[in-house]
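Residue strings, one per chain:
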Amino acid sequence: MSKDPIITARDVNVFYGDKQALNGISLDVPRHKVTSLIGPSGCGKSTFLRSINRMNDLVDICRVEGDIKIEGKNIYDKDVDVVALRAHVGMVFQKPNPFPKSIFENVIYGPKIHGLIKSKSDAEEIVEKSLRRAGLWKEVADRLQEPGTSLSGGQQQRLCIARAIAVQPSIILMDEPASALDPIATAVIEELIDELRAKYTIIIVTHSMQQAARVSQRTAFFHMGDLVEAGPTKELFTTPKDERTQNYISGRIG
Amino acid sequence: MAQSEITLTGRKRPLEKLIKLALFLASVLAIFVTIGIVLSMAFETWQFFQRVSVTEFLFGLEWSPQTAIRADQVGSSGSFGAVPLITGTLLISAIAMAVAAPTGLISAIYLSEYASARVRGWAKPLLEMLAGIPSVVYGFFAALVVAPFIRMTGGQLGLEVASESALAAGLVMGVMIVPLISSLSDDVLNAVPNALREASLGMGATRAETIKKVIVPAAIPGIAGSFLLAASAAIGETMIVVMAAGLAANLTANPLEAVTTVTAQIVALLTGDQEFDSAKTLSAFALGLLLFATTLMLNMIAMRIVNKYREQYD
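The residue numbers shown here count from 1 along each chain, following its written sequence. Both sets of labels track the order of writing: A upward for chains, 1 upward for ligands. In keeping with the model being predicted, local features are shown solely for residues with a pLDDT of at least 70 and side-chain atom pairs are shown and tallied solely at 80 or more, while totals for entire chains, interfaces and linings include all residues. With hydrogens and water set aside, each side-chain value is computed from the structure's full complement of heavy atoms.

Describing the overall build of chain A
Operational definition: We count a stretch as a helix when DSSP gives it H or I for four or more residues in a row; a strand needs E for two or more, and each element gets its number in order from the N terminus. Using a 1.4 Å probe on the protein chains alone, a residue whose accessible area is under 20% of its type maximum counts as buried, one over 50% counts as exposed, and one in between counts as partly exposed. Any pair of residues with heavy atoms lying within 4.5 Å of one another is described as a contacting pair. We get accessible surface area from the Shrake-Rupley algorithm with a probe of 1.4 Å; when it comes to residues, only the shown protein chains can shield them. The charge count includes Lys and Arg as positive and Asp and Glu as negative, but it does not include His or the ends of the chains. A charged residue contributes its charge at one atom only: NZ of Lys, CZ of Arg, CG of Asp or CD of Glu.
Summing up its helical and strand segments, chain A has 10 helices and 10 strands in all. Taken along the three principal axes of its C-alpha coordinates, chain A extends 55 × 45 × 35 Å. Here chain A, with 254 residues, has 53% of them falling under the buried criterion. Contacts spanning at least 24 positions in sequence make up 66% of the contacts within chain A whose residues lie at least 6 apart. On chain A, roughly 11,400 Å² of surface is accessible, and the fraction owed to carbon and sulfur atoms is 49%. In chain A, the 33 positive side-chain charges and the 32 negative ones have mean positions that sit 2 Å from each other.

Next up, the structure:
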């Protein structure tokens, strides 16, 4: 297993129209670890997350400068296919957003699009494997044909994780994946994130510092479009180098 | 000094009650008028069915509603089979829907999924302006431009085209109802939560795949509702068919022939002088009730579908 970081961002500036949302972000993301992005609302952490799979392309007025390299390849190069990029970098959103289709169809959606399914048994295998990895298999094995929207919030979010895993990404981006869930469902998701680390590199945006401390090995603190500091989670929370980090984690700003 | 008094009894406020009454009356007026119209139609229809049997009206294949001047005249009874009118109406509406459904849906998809805010800003009002053109204008456009054009083109291809064809009326009617479908479908597509778009695009689906596999399936009930409303507008449309479809009650599925519709016949039956107790005049009421029942049913189904769909995402 390579020790190099899987993602290296260098001098990333992001603009929405005339307004600059990110100021020269440089960050390395190590593989098979959970990296959390924390900071007060509007600090740019979600913007940064969304530039890693180019979801920002969907915003007409958004412009990205600088390099974000995944396995050494700049994803903003002209020859990069966004479809292939997003197959490689999966995403889980703040609010669970299963398609209004069956559980089975939800999981199979991505693999179908990317041509990973040749037969019915392929489909069944992918569905079972993905749901098992997302820790949902036992709960839904006997009702795969029911609509994904009939599940509880926490189950829906795990379905969305299974759906992302089904495409076999190497990186999973999570945008506040537990903020719409109750504490018990949150605990299940956090446990799952910890398990997923073995196979995937995970970047998670979170508002909860406790959550960042529980699930991540590395943490990056954003403030007003700047990356203030990044390091091992324990260090950042116990001995922050920057005063702004100190103030944020002690609850004085944010 | 006497203790200050607290007064809890107030003055009457008659104006409040008056306003409430006026508001109530205004709203029941519309309801009563509707009920009145339906009852009067039902009564006249009942009278009509005293003269002509219900079976003949609903299943008769011939429509020639003349009435006798003298009692012993040949063909004095006339025939009141509404089937040719119904098939004519359906033929023209089907042609109209064949034009309007794809055009309306595709333009709705363009407007809601592809168009930039700027393009949408002028394209949508412009498209909706089509709905503001009086139908009589569409009518003479159909009769004076489209029908002769089809006749001429058909003639060159060696086809026999009537000067007033179902095709001309249907095509123009189709254009007229495009904005109904595009505007409603656009609203429905916009109501599909953005989270679903992001989920699909975030997994590497293209825009077209996302629309085909997620957005449109999620919006299907609403789209179907908009189709039904448009169909109901097509069935009830009058001016275009009066001017461009003709009055010949041909029982045919050929769009190049002249056909007539329920609405066009009602106009024909009631224009000019007539006796109010003849079967000819009374048949207009039967046709009116038939039309009313059909469009009411279509509208109710459509509204139910659209509302059910709205609740799903609220």
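Re the interface of chain B and chain A
Keep this limit in mind: Values labelled buried area give the accessible surface lost by two parts on being combined, using a 1.4 Å probe and summing over both. Basic side-chain nitrogens of Lys or Arg form a salt bridge, by our definition, when they fall within 4 Å of a carboxyl oxygen of Asp or Glu. Polar contacts, as counted here, are pairs of nitrogen or oxygen atoms within 3.5 Å of one another; within protein the pair requires one atom able to donate a hydrogen and one able to accept it, and residues that are adjacent in sequence qualify only if both atoms are side-chain atoms.
With 18 residues of chain B at the interface, the matching set in chain A holds 22 residues. Where chain B abuts chain A, roughly 1,600 Å² becomes buried across the two surfaces, and 64% of that area is made up of carbon and sulfur atoms. Here chain B is connected to chain A by one salt bridge. Two residues, Arg50(A) and Glu198(B), come together in a salt bridge whose shortest N-O distance is 2.8 Å. The interface formed by chain B and chain A contains six residue pairs in polar contact (both at pLDDT 80 or more).

A few points about the environment of Val38(B)
All names here are of chain B. Within the secondary structure layout, valine 38 lies in helix α1 (residues 14-51). Here valine 38 falls in the partly exposed class, since its relative accessible area comes to 25%. On a C-alpha basis, the gap between valine 38 and valine 216 in space is 38 Å, while along the polypeptide they are 178 residues apart.

Details of unusual backbone geometry
Residue and element names in this part refer to chain A. Of note, the phi angle at aspartate 11 is positive, near 50°, even though the residue is not glycine. By the element assignment, aspartate 11 lies in strand β1 (residues 5-16). Despite not being glycine, methionine 224 shows a phi value in the positive range, around 50°. Along the chain, methionine 224 turns up in the loop between β9 (218-223) and β10 (226-232).

With respect to the packing of helix α7 (residues 194-202) of chain B against helix α8 (residues 207-236) of chain B
Residues and elements named next belong to chain B. Our working definition: Here, axes are lines fitted to C-alpha atoms. For helices the fit covers the stretch in contact, and angles between N-to-C directions go from 0 to 180 degrees. Any angle that is under 35 degrees is reported as roughly parallel, and any over 145 degrees as roughly antiparallel; angles of 65 to 115 degrees are reported as roughly perpendicular and all others as oblique. Note: crossing handedness is left-handed where the near helix turns anticlockwise from the far helix by less than a right angle, and right-handed where it turns clockwise. Lys, Arg, Asp and Glu make up the charged group, whereas Ala, Val, Leu, Ile, Met, Phe, Trp, Tyr, Cys and Pro make up the nonpolar group; the residues left over, Gly among them, are polar.
Viewed as axis vectors pointing N to C, α7 and α8 meet at an angle of 130°, and their least axial separation amounts to 10 Å. Viewed along their axes, α7 and α8 adopt a mutual orientation that is oblique. Relative to α8, α7 is oriented so that their crossing is right-handed. Here Leu196, Arg197, Ser200 and Leu201 of α7 come into contact with α8, specifically with Arg207, Thr210, Val214 and Ile215. When the residues that make up the contact of α7 with α8 are grouped by side-chain class, the tally is four nonpolar, two polar and two charged.

A few points about the pairing of β10(A)
Residue and element names in this part refer to chain A. Inclusion rule: Only strands joined by at least two bridges in the DSSP assignment are considered to pair.
In the sheet, β9 pairs with β10 via six bridges, with the strands oriented antiparallel. Looking at the pairing, alanine 220 lines up with alanine 230 of β10. The antiparallel pairing of β9 with β10 creates a hairpin that spans two residues between the two strands, and methionine 224 there sits at a positive phi of about 50°.

Section: helix α10 (residues 262-270) of chain B
Restricting attention to buried positions, one finds in α10(B) the residues Val262(B), Thr263(B), Ala264(B), Gln265(B), Ile266(B) and Leu269(B). Following α10(B) by one or two positions, Gly272(B) has its phi on the positive side, about 90°.

Brief notes about the sheet that holds strand β7 (residues 171-175) of chain A
Residues and elements named next belong to chain A. Read across the sheet, six strands follow the order β6-β7-β8-β3-β9-β10 without closing on themselves; strand pairing throughout is mixed. Each edge of the open sheet is held by one strand with a lone partner, namely β6 (89-92) and β10. Each strand of the sheet is rotated relative to its neighbour by a mean of 15°, with strand direction disregarded. Both strand β3 (residues 34-38) and strand β8 (residues 201-205) contribute to a ladder of four bridges, which runs parallel. Across the sheet, residue threonine 35 finds its bridge partner in β8, namely isoleucine 203. Contacts between helix α1 (residues 45-52) and the sheet are confined to β3, β6, β7, β8 and β9, with β7 contributing the most and set at about 150° to the helix.

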